[in-house]
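A structural walkthrough
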Amino acid sequence: MQSEELAAQLQLGRDLALASEDVELHGSVVNEGGARVMAGFALAGSALALLALRYPLRAEILLMAVLAAGAWDLFGGRSWLRRFVPREVGRTVLTWRPAARVTADPLPPRRLLLILPTDALRIRDLRPLSAIPVGLGLGAAAVGALLEAAGAGFATSLLLAASLILALLGAVGLFFDRIVPPAVDPASGGRLARRLLDALADQPLKHTDVVIAVVGGGCLFHDGVEVLLKNHINRLAPASTRVLSGSPAGAPLHGARRWSPAHPPRRRRAAGCRQRLGPGQRPGRHGGGPGAGRLGWAGLGLTGGMEDPGSIVRSLHQLLTHLDQLEAERP
């Protein structure tokens, strides 16, 4: 899967360069899939369950830290434990599309950064399913450590059972990571980007520069988004750049979450985004938005479009045009 994604990103960069686009290719390191991460959490929990047989209180503290790390990853963060999981090479394709005409606006130019994962049409996401059994196993180990510290007679059996279950889950995670291919199309994000660029060529934005990033590494953890923003903070300054981060889902394309609103105009723009995308909005944690928000960028998370992939480009183009019109009205 990794080699297929790298090849797809390289081909995307070549195609955009042949089309005379202002394109850049950047490398990064990412946790591409959830199976290896699941295995890391499960094996760590299995070892701590055994440690609790000898040092229950110390193991309890470490188990709670592992549970907190897992919750942080599920909510869009990058935990201390995931940093120890071996990562893969990722590649990001960055395309710069300036506004069609230059205005006499004395304020700094605005940019819209649209982030699409390489697997923008991911068929399934096993992360929620894998989180449940691993979380239950870690919880059982934590309860067993407390009971062991209290001297309960059945605590040893609970800890041994939790350790065995977590070890099996770790083995399953490693099996999926090494043997079972993920159900993704690593070139789907690039195809969406090219179609959107064609739409912008026919109807370009007039007041806003557009930057389209097809970020490698998959849409599970969005590690490439953090690398992209940190490496381009001079050209994508938080004060003048709004981030739109997409993630696949079965519902129609909609705005799922707005982050880092700093003043009323931003809130007005975000509300306009959700209205422009139409019905079906609901709160959520999607895309690379949480990471961008922690780093200081404001924007909107987008999700959906799997039921009608052809509508994604139309909806995104309408949204970008709407934001461009709002930019023309800014004081």
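1. Comments concerning the overall build of the protein
Regarding its fold elements, the protein presents 10 helices and seven strands. For the protein, the proportion of its 331 residues judged to be buried stands at 51%. Counted over contacts in the protein with a minimum sequence separation of 6, partners at least 24 positions apart contribute 87%. Put simply, the protein shows about 15,100 Å² of open surface, and 62% of that area lies on carbon and sulfur atoms.

2. As for the packing of helix 2 (residues 34-51) against helix 3 (residues 56-74)
Taken N-terminus to C-terminus, the directions of helix 2 and helix 3 make an angle of 165 degrees; their axes are 9 Å apart at the nearest point. Considering the angle they form, helix 2 stands roughly antiparallel to helix 3. Crossing angle aside, the handedness with which helix 2 passes helix 3 is left-handed. Facing helix 2, whose interface residues are F41, G45, L48 and L51, helix 3 presents A59, L62, L63, V66, A69, G70 and D73. Taken together, the residues of the contact of helix 2 with helix 3 break down into eight nonpolar, two polar and one charged.

3. A short note on the packing of aromatic side chains
All told, the structure shown has one aromatic pair when counted by the stated rule. Ring centres 6.0 Å apart and planes at 90 degrees place the aromatic pair F175 and F176 in the edge-to-face group. The class of F175 is partly exposed, set by a relative accessible area of 44%. Above the plane of the ring of W96 lies R235, whose end atom (NZ or CZ) is 3.7 Å from the centre.

4. Digging into a nonpolar patch on the surface
Together, V172, F175, F176 and I179 make up a nonpolar patch on the protein surface, roughly 360 Å² of accessible area in all. With respect to the secondary-structure elements, F175 resides in helix 5 (residues 155-178).

5. Observations regarding the packing of helix 2 against helix 5
The interhelical angle for the contact between helix 2 and helix 5, taken along N-to-C directions, is 160 degrees, at an axis separation of 7 Å. For the element pair helix 2 / helix 5, the angle class is roughly antiparallel. You can see that helix 2 and helix 5 cross each other, and the crossing is left-handed. Split into classes, the residues belonging to the contact of helix 2 with helix 5 amount to 15 nonpolar, five polar and three charged.

6. Details of the side chain of Q9
Here Q9 shows up in helix 1 (residues 2-18). Apart from residues no more than four positions distant in its own chain, Q9 is found in contact with L25, R91, T92, V93, T118, V214, V215 and G216.

7. Structural notes on the pattern of salt bridges
Enumeration over the complete set of coordinates arrives at nine salt bridges. The shortest N-O distance in the salt bridge between R36 and D177 comes to 3.1 Å. With a gap of 141 residues between them, R36 in helix 2 and D177 in helix 5 connect regions that are remote in the sequence. Exposure remark for R36: the relative accessible area of 18% places this residue in the buried category. Its relative accessible area of 23% is what places D177 among the partly exposed residues.

What counts and what doesn't
- Residues numbered from 1 in each chain as written.
- Predicted model: local features only at pLDDT ≥ 70, side-chain atom pairs only at ≥ 80, totals over all residues.
- Heavy atoms only, no water.
- Helix = DSSP H or I, 4+ residues; strand = E, 2+ residues; numbered from the N terminus.
- Buried < 20%, exposed > 50% of the residue type's maximum accessible area, 1.4 Å probe, protein only.
- Contact = heavy atoms within 4.5 Å.
- Areas by Shrake-Rupley, 256 points an atom, 1.4 Å probe, with all protein chains shown as cover.
- Axes fitted to C-alpha atoms, helices over the stretch in contact; angles between N-to-C directions.
- Parallel < 35°, antiparallel > 145°, perpendicular 65-115°, else oblique.
- Left-handed = near helix turned anticlockwise from the far one by under 90°.
- Nonpolar A, V, L, I, M, F, W, Y, C, P; charged D, E, K, R; others polar.
- Phe/Tyr/Trp six-rings, centres within 6.5 Å; stacked < 30°, edge-to-face > 60°.
- Lys NZ or Arg CZ within 6 Å of the ring centre and 35° of its normal.
- Patch = residues over 30% accessible without salt bridge, like charges linked within 9 Å, V, L, I, M, F, W, Y side chains within 5 Å.
- Salt bridge = Lys/Arg side-chain N within 4 Å of Asp/Glu carboxyl O.

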